[in-house]
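# Breakdown of the fold
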Amino acid sequence: MPKAYWIAHVDVRDPERYKDYVATAKTAFERFGARFLARGGAYQAMEGTGRGRNVVIEFPSMQAATDCYNSVEYQAAKAIRQTVADAEMVIVEGFEA
């Protein structure tokens, strides 16, 4: 079964409150086997408009990635995030090598 990835591009408007989002989302990420591959850090926008924070999270499967997003725990975190940051996010299925 191929893994899946959340890819998010985020502009944080309120860094202090964004910490509340991170803390609230932690439960969902642990429950669904999330593994952070990139979380902020240096980046280069090669094409298009970049955002200040870029995140890549690996999940064991597309189902786990989708279930995490739709979970009660993550929806509570999302409600916080939407008040303190602007984001685009996709879930992408990987492939088996």
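Please read all numbers here as calculations on a predicted model, not as lab measurements.

### What to know about the nonpolar core
Nonpolar side chains in soluble globular proteins tend to be buried together. Trp6, Tyr21, Phe29, Phe59, Cys68 and Tyr74 are the most contacted members of the largest nonpolar core, which totals 21 residues. When residues of this core are traced back to their parent elements, those giving at least two are strand E1 (4-12), helix H1 (15-31), strand E3 (53-59), helix H2 (62-70) and helix H3 (72-84). Considering every element that reaches this core, the biggest residue donor is H1, with 5 residues. Excluding its chain neighbours within four sequence positions, the residues that come into contact with Tyr74 are Trp6, Tyr21, Ala25, Ala28, Phe29, Cys68, Tyr69, Arg81 and Met89.

### Points about the sheet that holds strand E2 (residues 35-39)
Judged by pairing direction, the sheet is antiparallel, and its 4 strands sit side by side in the order E2-E3-E1-E4 without closing on themselves. In the strand order of this sheet, the two ends are held by E2 and strand E4 (85-93), each with one partner. Taking each pair of neighbouring strands and ignoring which way they run, the sheet shows an average axis angle of 15°. As paired strands, E2 and E3 are joined by 4 bridges and run antiparallel to one another. What sits directly across from Phe36, in E3, is Ile57. Of the strands in this sheet, E1, E2, E3 and E4 are in contact with H1, which crosses E1 at around 165°. Across the sheet, H3 lies against E1 and E4, angled at about 140° from E4, the strand it touches most.

Rules used throughout
- Residues numbered from 1 in each chain as written.
- Predicted model: local features only at pLDDT ≥ 70, side-chain atom pairs only at ≥ 80, totals over all residues.
- Heavy atoms only, no water.
- Core = buried A, V, L, I, M, F, W, Y, C linked by side-chain atoms within 4.5 Å.
- Buried < 20%, exposed > 50% of the residue type's maximum accessible area, 1.4 Å probe, protein only.
- Helix = DSSP H or I, 4+ residues; strand = E, 2+ residues; numbered from the N terminus.
- Contact = heavy atoms within 4.5 Å.
- Pairing = 2+ DSSP bridges.
- Axes fitted to C-alpha atoms, helices over the stretch in contact; angles between N-to-C directions.

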